[in-house]
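Structural overview
Listed below are the residues making up each chain.
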Amino acid sequence: MLALTIAGAVWPAVPPMAPAVLAWVALAVLWAGVGRRQQVQVLAFIAAGLGAFLWGVSHGAPLRVDSLLGQNQPILSMLASITLLRLLNRPPRVGDAELPRGLGAYLQSMLGVHAFGSVINISAVIIMSDRLARVRPLGFDQAQLFSRAFSTVAFYSPFIGGVALALSYTPGSSPVVMMLFGAPLAAAACLWLYWHARSGRAGDIESFRGYPLQPADLKIPLTLGAGVLVAAAALPGYSVLALITMVTPALVLAVLLKRRGPGGLRPALAEYVETRAPQMGGELALFLGAGVLAAGVVAAAAGAGGWLLFARLDAFHASLLVLAFVVTSLACIHPAVLVGVTVALLETVELDPTLLATTFAMGWGLGCVVNPLSGVNVVLATRYGANNWRIARSNVAFSAALYVVAVGLLYLYEHTRL
């Protein structure tokens, strides 16, 4: 899927449906490893989407099989590309520094998972959690911090699936402007976490064990970010999503050649194929199922003759949309579903695509942190034994506080665009 996506971006002869078909083949192969609860949820998405799609087609909507099967496949290729970065993880060494403790360790962990996560996605949570879990099982306070610090990256980083999805669904939106309004919300989240720890609300902060962040650890994320920015300037015809998908494998290949030489490429590729990529079963299921549901809603809306969610999208309605993300996430509905449904219902509305993309990014971050079945909370539960339901419940106040800031930023955006 990943290889054909990259080939198709530079070679029009590649059939556009080929990567989508392979995405569904991959899901079929990995289906048994998807959690039972998520299997039920995804099957419900597919059933509802197919029903809505058939109803819409029978009432005059166009038959778009490519949309039904491949709605979110470019996002999955980007995530598969980002997963390659885990091949660059440094293995544990004898004599590794002891884990730092206290408020400084808390802040290092917060900034570390945020900085890494803004580029290498959820791999950052896994890298840091693996390091902490080598000493003792991951504690609730550590898992809670990682859930919060990572989720807030979705407010602005194009390397996160939610932001990539928002940009792909809003043609003409400005990634730079979206980041300018999402970054302050992420900064507010970090300040809230600092206050939370400093005021004693994060438990015994003096005994908190954190990740030993080193300046050298930031070289790969910064290099990748710079590479994507340079590629965006040199190749304006490509979306940020496509550039991330193409630049990441090139960076990983270059670093592996430098570290291991040509002989080290084969075992690294084998590790990716046999271990890393198969861990994407949950993401494949979620995004493909949500894509079917979104395509169904698009067809149903077309067949219904132009029913609209809003007459126009302004800061007030954008604030309601963000709130809808939080509420539906509390009901365990993933934000990816709401993105697809909202786009379908707003398809004929004249709106500012950047405002819609910013709304999606804010809603994604605020929703994922309180959703027990979001990617980060599920990873913390399945790999490290954390209680994802307890983490999600404990994050409600965090999400509510940031929602107020998000609303203010949406109104500021509207004011500056007038």
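In short, a report on the structure. Keep in mind that what you see is a predicted model, and the values were worked out from it rather than measured.

Right, let's get into helix α15 (residues 315–330). Along its 16 residues, α15 runs 23 Å from first to last C-alpha, staying within 8% of the 22 Å computed at 1.5 Å per residue. A315, H317, A318, S319, L321, V322, F325, V326 and S329 are the residues of α15 that are buried. Close packing links the buried residues of α15 with α16 (335–345), α17 (353–368) and α20 (396–417). You can read the cap of α15 off the contacts: a side-chain oxygen lies 3.3 Å from the backbone nitrogen of F316, and it is on D314. Positive backbone phi, at 70 degrees, marks C332, one or two positions downstream of α15.

A separate point is the environment of G70. Following the sequence through the fold, G70 ends up in helix α4 (residues 65–70). On the basis of relative accessible area, G70 is assigned to the buried category, the value being 18%. Distance from G70 to A242, taken between C-alpha atoms, is 15 Å for residues 172 residues apart in sequence.

What follows is about the pattern of salt bridges. Inspection of the entire model under this criterion finds two salt bridges. Between R276 and E271 there is a salt bridge; the shortest N-O distance is 2.8 Å. The buried category is assigned to R276, whose relative accessible area is 15%.

Turning our attention to α16. Most of α16 sits out of view: 10 of its 11 residues are buried. Those residues of α16 that fall on the buried side of the exposure criterion are P335, A336, V337, L338, V339, G340, T342, V343, A344 and L345.

The rules behind the values
Residues numbered from 1 in each chain as written. Predicted model: local features only at pLDDT ≥ 70, side-chain atom pairs only at ≥ 80, totals over all residues. Heavy atoms only, no water. Helix = DSSP H or I, 4+ residues; strand = E, 2+ residues; numbered from the N terminus. Expected span 1.5 Å × (residues − 1). Buried < 20%, exposed > 50% of the residue type's maximum accessible area, 1.4 Å probe, protein only. Contact = heavy atoms within 4.5 Å. Polar contact = N/O pair within 3.5 Å; in protein donor to acceptor, adjacent residues only side chain to side chain. Salt bridge = Lys/Arg side-chain N within 4 Å of Asp/Glu carboxyl O.

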